[in-house]
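Given next are the chains, with one letter for each unit.
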Amino acid sequence: MKKALAILLVVLVIAAAIVAWFVTRLPSSPFDGQPRAEISNDLVARGEYVARLADCVACHSTPDSAPFAGGLEMATPLGSIFTTNITPDPQTGIGNYTLADFDRAVRQGVTPDGARLYPAMPYPSYVKLSDEDVRALYAFFMKGVEPVRMANRANTIEWPLNTRWPLAFWNVAFVESGRYEPESDKDDLWNRGAYLVQAAGHCGSCHTPRGPVMQEKALDETNGNYLSGALLDGWYAPSLRNDHNTGLGRWSEDEVVQFLKKGRNAHGVVFGSMTDAFNNSTQFMNDDDLAAIAHYLKSLPGDRERDGTPWQYDAASNEKLALSNRTDNPGARIFMAKCGACHAADGRGKTPWIPPLAGTTSSLAPQNASSVNVTLNGSGRVVTDGVPDSYRMPPFREQLSDKEIAAVLTFVRTSWGNTGGPVTSQEVRDLRERTDPASSNPIVLQMR
Amino acid sequence: MIVQDAKGSRHATTTSRPDFQIIAKTLDQAKHEELAMELTINDTSYEVQSDGETPLLWVIRDELGLTGTKFGCGLAQCGACSVLVDGVVTRSCVTPLASVVGGRITTIEAIEEDEIGKRVVEAWVDHQVPQCGYCQSGQVMAATSLLKENANPNDDEIAAAMTNLCRCGTYNAISAAIRDLAGETKEG
Amino acid sequence: MLDTKNLERGDLASPTPTNISRRGFLLATAGVTAGALVLSVGLPAAPARAQQAGMAPGTRVPAFLEIRPDNTIRFLSPFNEGGQGIFTAMAQIVGEELDADPAAFLVENAPAGEDYKVMGAPFGRVTGGSMSVRSSFDVMRRLGALARQMLLQAAASRLEVPLGELATEPGQVVHAASGRKVSYGDLSETAMDLPVPDPDSVTLKKQEDFSWIGKPVARLDVRDKSTGRAVYAIDVKVDGMLHAAVQHAPRLGLTAGHIRNEDTVRGMTGVHSVHTLDGAVAVVAERWWNAKRAVEALQVEWSDPGAQGTDKRYMPADFSTAAFRERLANEPGEGKVAEEEGDAASVLQKAENVVEATYFSQFLHHAQLEPPSTVARFNDDGTLDIWLPNQAPEQFQANIAKVAGIEAAKVNVHSPILGGFFGRHFLYPEANPYPQAIKLARDVGRPVKVIWSREEEFLRDPMRPMAAVRMRASLDEQGMPQALDIVSACEGPTEAVFGHNPDKVDPTAVEGLTGKAYAIPNRRISQIYVKNHTTIAYWRSVGNSMNDFLYEAFLDELADKGNIDPLELRMRLLKGNQRLSTLLQHVVDLSGGWKRGPFDAEDGTKRARGIAMASPFGSHTAAIAEVSIREGQVVVHDIWESIDPGSIVNPAIIGAQINSAAALGTSQALLEDTVYEKGEPQARNYDLYPILRPDQMPRVHVGIVESGEKMGGIGEPGLPAVPPAITNAVSHLTGKRVRSMPLSKLTFDA
Ligand code: FES
Ligand code: FES
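Residues numbered from 1 in each chain as written. Chains lettered and ligands numbered in written order. Predicted model: local features only at pLDDT ≥ 70, side-chain atom pairs only at ≥ 80, totals over all residues. Heavy atoms only, no water.

As recorded in an unreviewed UniProt entry, chain C goes by the name Isoquinoline 1-oxidoreductase beta subunit, listed as coming from Breoghania corrubedonensis.

Identification of chain A as Mono/diheme cytochrome c family protein from Breoghania corrubedonensis is taken from an unreviewed UniProt entry. Within the UniProt record for chain A, the comment given under Subcellular location (unreviewed entry) is "Cell membrane". (UniProt positions renumbered as here; feature names shortened; annotations may be inferred.)

Side note on the domain arrangement of chain C
All names here are of chain C. The domain architecture assigned to chain C consists of domain 1 (43-226), domain 2 (233-306 + 372-451) and domain 3 (323-363 + 464-745). A separation of 36 Å is found between the C-alpha centroids of domain 1 and domain 2. Each partner contributes residues to the interface: domain 1 has 17 residues there, and domain 2 has 15 residues. Interface area for domain 1 against domain 2, summed over the two sides, is near 1100 Å², with a carbon-plus-sulfur share of 55%. Our count for the contact surface shared by domain 1 and domain 2 stands at one salt bridge. Ionic pairing is found between Glu-394 and Arg-125, a salt bridge with its closest N-O pair at 2.8 Å. For the pair domain 1 and domain 2, the interface holds six residue pairs in polar contact (both at pLDDT 80 or more). Partitioned by chemical class, the residues of the side of domain 1 that touches domain 2 number six nonpolar, seven polar and four charged. (Domains from an automatic or database assignment. Contact = heavy atoms within 4.5 Å. Buried area = accessible area lost by both parts, 1.4 Å probe. Salt bridge = Lys/Arg side-chain N within 4 Å of Asp/Glu carboxyl O. Polar contact = N/O pair within 3.5 Å; in protein donor to acceptor, adjacent residues only side chain to side chain. Nonpolar A, V, L, I, M, F, W, Y, C, P; charged D, E, K, R; others polar.)

Quick look at the UniProt feature "binding site: heme c 3" (unreviewed entry) in chain A
All names here are of chain A. Under the UniProt annotation, the feature "binding site: heme c 3" (unreviewed entry) is placed at Cys-339, Cys-342 and His-343. Positionally, Cys-339 belongs in helix α16 (residues 330-343). Apart from the residues lying within four places of it in its own chain, the contact partners of Cys-339 are Ile-334, Ala-344 and Val-408. Inspection of the secondary structure puts His-343 in helix α16. When near neighbours in sequence (up to four residues on either side) are disregarded, His-343 contacts Arg-348, Gly-349, Ile-354, Pro-355, Leu-357 and Met-393. (Helix = DSSP H or I, 4+ residues; strand = E, 2+ residues; numbered from the N terminus.)

Quick word on the environment of Glu-427 of chain A
All names here are of chain A. Counting through the fold element by element, Glu-427 comes out in helix α20 (residues 425-434). In this structure Glu-427 comes out as partly exposed when scored by relative accessible area, which is 31%. Apart from the residues lying within four places of it in its own chain, the contact partners of Glu-427 are Asn-368, Val-372 and Pro-422. (Buried < 20%, exposed > 50% of the residue type's maximum accessible area, 1.4 Å probe, protein only.)

Quick word on the sheet that holds strand β4 (residues 166-169) of chain C
Residues and elements named next belong to chain C. An order of β4-β5-β6 is seen for the three strands of this open sheet, with the pairing classed as antiparallel. The outermost strands of the open sheet, each flanked by one partner alone, are β4 and β6 (180-183). The sheet shows a mean angle of 30° between the axes of neighbouring strands, taken without regard to direction. Strand direction decides the pairing type here: strand β5 (residues 172-175) and β6, joined by four bridges, are antiparallel. (Pairing = 2+ DSSP bridges. Axes fitted to C-alpha atoms, helices over the stretch in contact; angles between N-to-C directions.)

Below is the structure:
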């Protein structure tokens, strides 16, 4: 018996040692041992473009700070995480990183001292980046970005939840290890699109539903969950698959390109967190890459079962808006008082400048977070080619009660053929408490 | 970018403004190209120079010189900029020019040419509605539109239709004037 | 030189200068089309006429009046019209003595000039403080009488009869003996060339002989304002004019540095030029919309020099109203005494029953519907024409001269009617667009109109002060207030605008806490000065807009503590004060008898009423409000308000002004609050700064008491009693004491 226990003890000690080694080990990088190479201006320029594709600036800058000096607060239910300084400052930034160190951080979420990054850093996507893109990105951050001395802010997540070594296991379970491998049966455009969407674009971070431990349920098109729509930070990022109602089913590839390039098309205007992705990232992608993305996304099949009966405009709802009918229909009444002037009394908007509410994904998706959020808080300014939008969505949190917002959104989400369904006051109250109104100032994050 | 001028010809400029040509293709662009710059305001046709994204308000005020339509907020909040498009009250600050091409626009300058509008103005005078007056062009427009939709509105319908702001607080006089027009008994 | 083309295209009135219809006239007010011609050559007629030296302000008749051949009377008013009805009141007052129907008047705001400083020292001439009529009543009547006298003289020589045989009927001189009549229009040319008689030589009418004063004369501007013909500063147009839009520094005190995309923006559609201004950048363009889009696109690196230790206000990056409120509430000290009677300190020290509370007032925006604008035009002769909304032309002229670096005499200030003002259009540093317009017009060599978007306006609008007020009072055995000690931590608007004197209390910081008529034997009212980072301004009814709320709400708190009905308490405290007792009773009667509630209304809601009084601007008011709670928020159903302004000029206008004041008072009580975080106002438009909507407007029932006492103001006095009447009703209905506004920030369960 004693012997058995002794053996068990030895096994446990060995296991613990293995765990300790495992969770603090530095994973290998293809760049290990490579000498520091000269960095060409071309490579810096390419890296800058990759940084646009990957939208590094959206998280690693704030409107008040120097480019990439970090400091953006990311609130989680457990506490706040602050993004880090990734300027080449040797003390407070990443100036001392070798290319291999940089690679480990970007693609594997491990810092040079072996610490694990929270997957708020989308390394489960970045792991698919090509070696060339990582090398270019490194070049940009070393030579294209001004070093800024700004110490990182400590996160406010308390022990034991701030213990990050278990993430090593999370990574094993949920992060695929490989680079993006082109599908040989698809054309180059598709493969380029897949690479952009899955790797740098990290579209799945918002648009793919997450599992019980916050892992994305799918990382590529082989699984129908991929980009099928997800709830994150009080916004519902809709399906990017060919779902007629809640996805891109009714959009042409051209329209996808327009949306990503101009922030708007006949179906809608970017809002909520997509505004940041558009302002800082997608509009800077070149036309070929946008075409590739559109091509890839349009290849993802929709799911009729999840998506429901295809939407069709139903003009009968407009009857409810007639003066004599809306006096005892609070939702219709509020719609005409607050929404109709811009989104038009028939819900069709004034496209492409002011989006329709009839038939838009946010009015059709059963998840109503985006409808509620944008009504409470408005939306940030859409800055296209450096010029802020002519028409912005104002916040209504100071004008409408929870009940009134619930009423008007219930009207919107059940009219004109919309099938999103009702909103409750409680749902509005919940979001009201944990969100803030969008700024009316155009916010342009600089990369240099 | 490419901009389109009144004659439908295009010229390039060196700016980085949004190029809506791409977008426009998805709209009923053929129609726009033909008519984009032709506006019917107060039964007069105007050729306008502004691009399709420009708010109707600023075309009316700056380009056509009709300053009776007021700018208050530019955000669909106040209603000072209200005009009628095909007889329906419309906040011109959030109305892209391109969206009203082909519509019949009435501004306050021509309100007395409209039979209902004329009655509204008389009621406004009778009830001495305006104070600073700045919101009143819009209020008169909203009231005219209301009475066009419903000649005999009840109090609740008046309240549902009249949503323009007035910082001077002329609200009670406004509803009294409309009640009067609706043929209802005046309240003291 | 003037752009009439657009107007013709716009199907406006024919802009023929010789045929001045009412419509054309109002255009003239703003100097549009023919108007500018009228302004520069038609009037002021005075300089062309024989000048009499050393005339007192308000007596040089030709500087004010032009009677046209068609018998319309053009009158240059010393006071500007912003909705308060002053143009009509002036026509009534001058017309009364001139013997001319006010309806024949075409009124516009007079240019800057000594003749128009009719208020006497220290103000000379401002439109504000509800002072216009009461300060100039006799002067303006005398002016009318002098003009009439001149017309009589002209008629005497025309008809070759002794002056004594002549009389007037409205608009004409009558010779009864011969049955001949001559219209004023026919006589005017000759009359205005006559020397103005000695002001003491004319006698004014007796009140009982008034034909127009005291009557509900129709307003002169109503039709033009109902048909879009009224022209505001923002509508002014001059030939060759460019438009400008600005982007202000996010915080006061910051300066514009490098503009990252200046070249790109310069190439945008319609853009003329890009400019760096003091604490702002601007884009000048052919059209305002183009300027606005371009200026928003400018990516400016703002540099923060920190507080410079000068008088200029500097807004630190960490400023928040929440923290400032805390600071005010905890500011140590007893303050400078503003009013003292008896010995409040020792009574309070010995008292058994002491009530203590801290009350708050919030920052408020003016939120007048017309955004600020200015048109500036430098002329070849070295003069500057400038059109801008303003409440004090001479003050603006002096400052504009300084800004432009030219003599004041070369600055022609045009003051179009105001699209609401509420105190917004005084000279406030950093808060007016004219320095920008002047610089831009000079830089581009063409006239420029600057318009502030609502967002830029809310960024620079100076605010009604915030205050934290510590109240302490003791009650005697009967529950009556015995001693009252009030310490207000606040920067008053007057010291904020004209400079702080450490040895003095700013009366506008404490008015409404001081000057109350209640007989509380021991009182000490004081102010602690706490300088703001924000700019501070007058706001309708000034200090009273907050202080009467603070005082009257606390008074109700005392009534409840002392177990006395709040009406009863006020009645007792006003014992022996006939005027105010009468007024209080008047409002009670107006409301159908005092009914504090809570009671069940017909619609099933539970309601209560609150009562409050105020004595602002020489008038006295009493108000009752009826409220209920719907879904946690306050609904104001009715406001009854009685006002005693001593004597009145136009009861209809008073009714409208009480409605207006009730709306603004309800708005601030229910909704308004300017919130700063990180040095910036969170609301930049009506979206996050809601103002009272039509469906939130209470019914307003107005009572007028004409006591015959000294004349008081009208425009502002209606406001101060409204917020406390509402909050007192709410406190009573909900049992939850309201010590701050707006009520929308509180939730109630009734
Ligand atoms: S200016 Fe259009 S609604 Fe205010
Ligand atoms: S009358 Fe002044 S804003 Fe309505």
